[in-house]
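Fold and geometry: a report
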Amino acid sequence: MKRLTFIVAAVMAMTSVDANAQGWLNRVVDVAVGEVKGRVKEKVREKVNEAVEKTVEKTAEDEEESVRNEEARVDDETTDVVLARKGNDLTTVDFCDFLHYCNGEEAGPTLAVFTKAYCSTPAFEALNERVFNAVMESPKVYEQGVQQLETIIKVNKESGEHVSQEQLDEWNRELKELREKKRNARPVDYKAILDEILNHAVGHRFFWAAQPMFDGLVSVRTMENVEKGWGVINSQGKTVIPFQYSDICFSLFGEDEHMNVILGFNPDVGMSVYRPDGSLITPQKFWGGYLLPLNTIVVNFTKNTCGLLDEKTGKVLTTQKYEEIKDNLSNLLDSNSVVIYGVRNGKNYILSRDGREIGELIMTYDTPHQVIFY
């Protein structure tokens, strides 16, 4: 089951390591390309654009990633108050650039989980600075700059078009400077930095994905496959929910702070409902399920039938089976009203928290909803 849109996770990304590294390289390329566009004919421009197409695409991807990170940051700030009340004290940091540029790792888990307390210390700030400098001074960064500038020079020479000697001299000067910086790049004690990261990381390992939850818990993925290996660990690195799920879902409905229910989805064996300590609310497994406001747990018995589950006892509350159960927050008695209703035989039955049908919700296109209580 796909992650529901109401599920929010606070994920803190590494401080612009990739953006800064790529920015320095892109500056070199942009200067060179800008000069080409101003001095040669359209044919040369086309060849240069073709030669640096991959670089441009990479830059666009970086910009899109930056936008996504900013949106995630805004979402994080919006939910920080709720997360703080629920005892969220963990965050994540992505070390993909450090692992790639400094150790040549092209793929693998890169997310580390830290306590927020550690991330606010001078020790973490110093580590972050060491990681950033290690990336910026890595030979691989300079090698990328060398390759990009060599491509530009080669394309212009092979084009047969006239390029000023002044421009060629400038490019060759920059190329020589990049090669010199590559040769003189300071050696990085990769292992020492890696050991420091893992020493402070929760569980002393990297994960493919991680989402801080509540009460010192974080859902993590231990496998590359996005739909396998999800589980939950606590701030001591102990496994609370085993890594056998395709998805982990939890509730962040603001005032429903006490609804600390965790759903684990496994398409092969079904959905399980957990307490925050990792114990099962009920041993029964379901086809699927999801969480709604008013401390409501919806469980699917089959793809097309569902009911309400009691969050404390694990018992099914509804006597009827519904095609789907939804919440409606708009166009009702007042702006704060929330109605949970089940769809059955073409009607929308309003459900109480104990699973009884207490009314009907009549929704007609372009007219106010009607709420009829029995």
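First, a word on what this report is: a plain description of the structure on this page.

Parameters at a glance
- Residues numbered from 1 in each chain as written.
- Predicted model: local features only at pLDDT ≥ 70, side-chain atom pairs only at ≥ 80, totals over all residues.
- Heavy atoms only, no water.
- Salt bridge = Lys/Arg side-chain N within 4 Å of Asp/Glu carboxyl O.
- Buried < 20%, exposed > 50% of the residue type's maximum accessible area, 1.4 Å probe, protein only.
- Helix = DSSP H or I, 4+ residues; strand = E, 2+ residues; numbered from the N terminus.
- Pairing = 2+ DSSP bridges.
- Phe/Tyr/Trp six-rings, centres within 6.5 Å; stacked < 30°, edge-to-face > 60°.
- Lys NZ or Arg CZ within 6 Å of the ring centre and 35° of its normal.
- Axes fitted to C-alpha atoms, helices over the stretch in contact; angles between N-to-C directions.
- Left-handed = near helix turned anticlockwise from the far one by under 90°.
- Contact = heavy atoms within 4.5 Å.
- Nonpolar A, V, L, I, M, F, W, Y, C, P; charged D, E, K, R; others polar.

Focus on the pattern of salt bridges
Overall, the coordinates contain eleven salt bridges when judged by the stated rule. Between Lys326 and Glu324 there is a salt bridge, and its shortest N-O distance comes to 3.5 Å. Counted as one network, the salt bridges with shared partners bring together Glu170, Arg173, Glu177 and Lys181.

Concerning the pairing of strand β9 (residues 270-274)
By the criterion of burial, β9 is predominantly enclosed, with five of the five residues buried. Inspection of the sheet shows strand β8 (residues 262-266) paired to β9 by five bridges, in the antiparallel sense. Note that in β9 the partner of Gly264 across the bridge is Ser272. Connecting the antiparallel pair β8 and β9 is a turn made up of three residues. Taken together, β9 and the strand that follows it, strand β10 (residues 280-286), pair antiparallel across an intervening segment of five residues, in which Gly278 is found at a positive phi of about 95°.

Notes on the packing of aromatic side chains
Here a ring pair, both rings aromatic, is described through the centre-centre distance and the interplanar angle of the planes. Counting across every chain of the model gives nine aromatic pairs. Look at Phe95 and Phe114: their rings are 6.2 Å apart centre to centre, the planes differ by 75°, and that puts the pair in the edge-to-face class. Taken together, the residues Phe95 in the loop between β1 (90-94) and α4 (96-103) and Phe114 in strand β2 (residues 111-115) connect sequence positions 19 residues apart. Here Phe95 falls in the buried class, since its relative accessible area comes to 2%. Relative accessible area serves as the criterion here: at 0%, Phe114 is assigned to the buried category. Taken together, Phe95, Phe114, Tyr118, Phe124 and Phe206 form an aromatic cluster joined through their ring pairs. The ring of Phe301 has Lys321 lying over it, and the distance from NZ or CZ to the ring centre is 5.3 Å.

A closer look at the packing of helix α6 (residues 122-136) against helix α9 (residues 190-200)
Taken N-terminus to C-terminus, the directions of α6 and α9 make an angle of 140°; their axes are 11 Å apart at the nearest point. Relative to α9, α6 is oriented so that their crossing is left-handed. Each of Ala123, Leu127, Arg130, Val131 and Ala134 in α6 lies in contact with α9, whose residues at this interface are Ala192, Ile193, Glu196 and Ile197. Residue composition of the contact of α6 with α9, grouped by class: seven nonpolar, no polar and two charged.

Re the environment of Val232
Within the secondary structure, Val232 is located in strand β5 (residues 230-234). Judged by its relative accessible area of 0%, Val232 is buried. It is 7.3 Å that separates the C-alpha atoms of Val232 and Phe243, two residues lying eleven residues apart in sequence. Sequence-distant contacts of Val232, defined by excluding residues within four places in its chain, comprise Met213, Leu217, Val218, Ser219, Lys238, Thr239, Val240, Ile241, Phe243 and Ile248.

Looking at the sheet that holds β5
Across a sheet, strands are paired by hydrogen bonds formed along the backbone, either parallel or antiparallel in direction. Read across the sheet, four strands follow the order β3-β4-β5-β6 without closing on themselves; strand pairing throughout is antiparallel. The open sheet is flanked by β3 (209-212) and β6 (239-245), the only strands paired with a single partner. Strand-to-strand twist of the sheet, defined as the mean angle between neighbouring strand axes without regard to direction, takes the value 20°.

Quick notes on the pairing of β3
Residues Ala209 and Gln211 line one face of β3 and the alternating positions Ala210 and Pro212 line the opposite face, and both faces are buried. Pairing geometry for β3 and strand β4 (residues 217-221), over four bridges, is antiparallel. Paired with Ala209 across the strands is Arg221, a residue of β4.

Some details on unusual backbone geometry
One non-glycine residue, Asp215, adopts positive backbone phi at about 50°. Notably, Asn345 is not glycine yet its phi reads approximately 55°, a positive angle. Classification of Asn345 as exposed rests on a relative accessible area of 62%.

Quick look at the side chain of Ser246
Among the secondary structure elements, Ser246 is positioned in the loop between β6 and β7 (247-250). Sequence-distant contacts of Ser246, defined by excluding residues within four places in its chain, comprise Val226, Glu227, Lys228, Trp230, Phe265, Asn266 and Pro267.

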